[in-house]
Amino acid sequence: MRSLTNLDNQMTSSPGTRVILMRHGRSTYNEEKRHQGSNDDSVLTEAGRISAYQTGLHLRGVNISTVYVSPLQRAQETAREVMAAIATETDQLPTVITHSALKEISLPLWERLPYRVVQKLFAEDYRCWKEQPHQFQMIDYLETASFQKHAPTLTSLAEHRYPVLELYDRTQQFWQDILPLHANQTLLIIAHAGTNRALISTAINMPPKCFHTLQQSNCGISILRFSNSSNPAEQTAYLEVMNSTDHLGEILPKLKEGKQGLRLLVVPSNGANPDRIQMLAKRLETVEIDFSIGNDLDNSQQTIEQILHHHPRTVQLQVMREDFPQTWQQMLMSRHSQTSPLETKENRPLTALLVARETIVLRFLTQVLNIHPQSLNLMPDSLTVIHYPQLLSTSVLQAMNITGLMTGSMTP
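A short tour of the structure in this document, coming up. Values in this document were obtained by computation on a predicted structure and should not be read as measured data.

### Comments concerning the pairing of strand β1 (residues 17–23)
Moving on, step 1. Counted residue by residue, β1 has seven buried out of seven residues, so it is predominantly covered.
Moving on, step 2. Here β1 pairs with strand β7 (residues 221–226) via six bridges, running antiparallel. Residue pairing across strands places V19 opposite L224, the latter belonging to β7.
Moving on, step 3. When β1 meets strand β6 (residues 186–191), the two strands line up parallel, connected through six bridges. Its bridge partner lying in β6, V19 is registered against L187.

### Quick look at the pattern of salt bridges
Moving on, step 1. For the structure on display, the rule yields eleven salt bridges.
Moving on, step 2. A salt bridge links R112 to D41, with the nearest nitrogen and oxygen atoms 2.7 Å apart. One end of the pair, R112, is in the loop between β3 (95–98) and α5 (115–121); the other, D41, is in the loop between α2 (28–32) and α3 (46–58), with 71 residues separating them in the sequence.
Moving on, step 3. Residue class for D41 comes out partly exposed when judged on its relative accessible area of 41%.
Moving on, step 4. Salt-bridge contacts for R283 lead to D246; the nearest nitrogen and oxygen are separated by 2.6 Å. Of this pair, R283 sits in helix α9 (residues 274–283) while D246 is found in the loop between β8 (237–244) and β9 (262–268), placing the two residues 37 residues apart along the sequence.
Moving on, step 5. In this structure, a network of salt bridges that share partners links the residues E288, D290 and R348.

Cut-offs applied
Residues numbered from 1 in each chain as written. Predicted model: local features only at pLDDT ≥ 70, side-chain atom pairs only at ≥ 80, totals over all residues. Heavy atoms only, no water. Buried < 20%, exposed > 50% of the residue type's maximum accessible area, 1.4 Å probe, protein only. Helix = DSSP H or I, 4+ residues; strand = E, 2+ residues; numbered from the N terminus. Pairing = 2+ DSSP bridges. Salt bridge = Lys/Arg side-chain N within 4 Å of Asp/Glu carboxyl O.

Here is the structure:
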């Protein structure tokens, strides 16, 4: 992830509100592979507390004015660890505000149930949840009390709800409420995977049908920047970093949708920063890369050869069309078969390195996310990771704008 020194320096030349989004640390329900939703039984594991504290150390020295936290206890515990780590460097701690809009998505029929049970008992609903989240419905049974001759009578009412759309409405309102209060400040939000995806989506106008396109790892960090505007309708934002787990020592974010399918390691490069390319090569030294794709038209071959210096057996492919990433995306999204030819590895996905000019990669990512190019701030010679799960007709942006340098601190 780019250093906070550079980002803090940009605050003086790039007016606007910067928002650091963080998912809570690993929880007991994460460990047990249960649906959490807005249920509040789940708490942090020991590993979750350690990662939260590590993330707090990573944030030391950042001029955070306010921390907004979900009321659920796994987020509250994460916030306490983060604040304890920040307190090791300064007595000037940011204000902490608990905000109900940051609760996780409400899935009352699934909460507490193991993932496998939900997939089996609610097979059709689960497929809709994963592939058409904007159309996904859940029946919520509400009990109302009435009194006849002083004797209470409970009546159950079935209410059809759209959980993802409701979450988007809630997070959109959150932005409208809090952004006018924090012009030119840096905020930290500690919430949940679904909530953070909706926060990013509503900020950059990514449609609800792409809800599952963004991965949010435990204690992963994403960064948004908002323009200053007194009119919420004129507020614009772009995504600077997505789901960086560098500070946790992860070479690549852990896969959330199984180990099969295809993983693309995308590098936007004009060959202008050989030092950064060398850092990427070092970072990916132990990652098994099956093949690479470059474009003869933009001199990507030199960058590929630098990154693959420690991968002599990797097959290198060259293409001439500038729209090859978009064509690749269309081909992958059209497949949806359990017998896909991409299923060639037992313990990991097929892994490909894709190098192209920054403009080509930007067009590709806007197609993946279904957004306008101005909604992304793509950093040259950084690493973006996209996973195409084996059994889902969707892509998952695992991370964006992570660099070759893995560091445990954001301190200048």
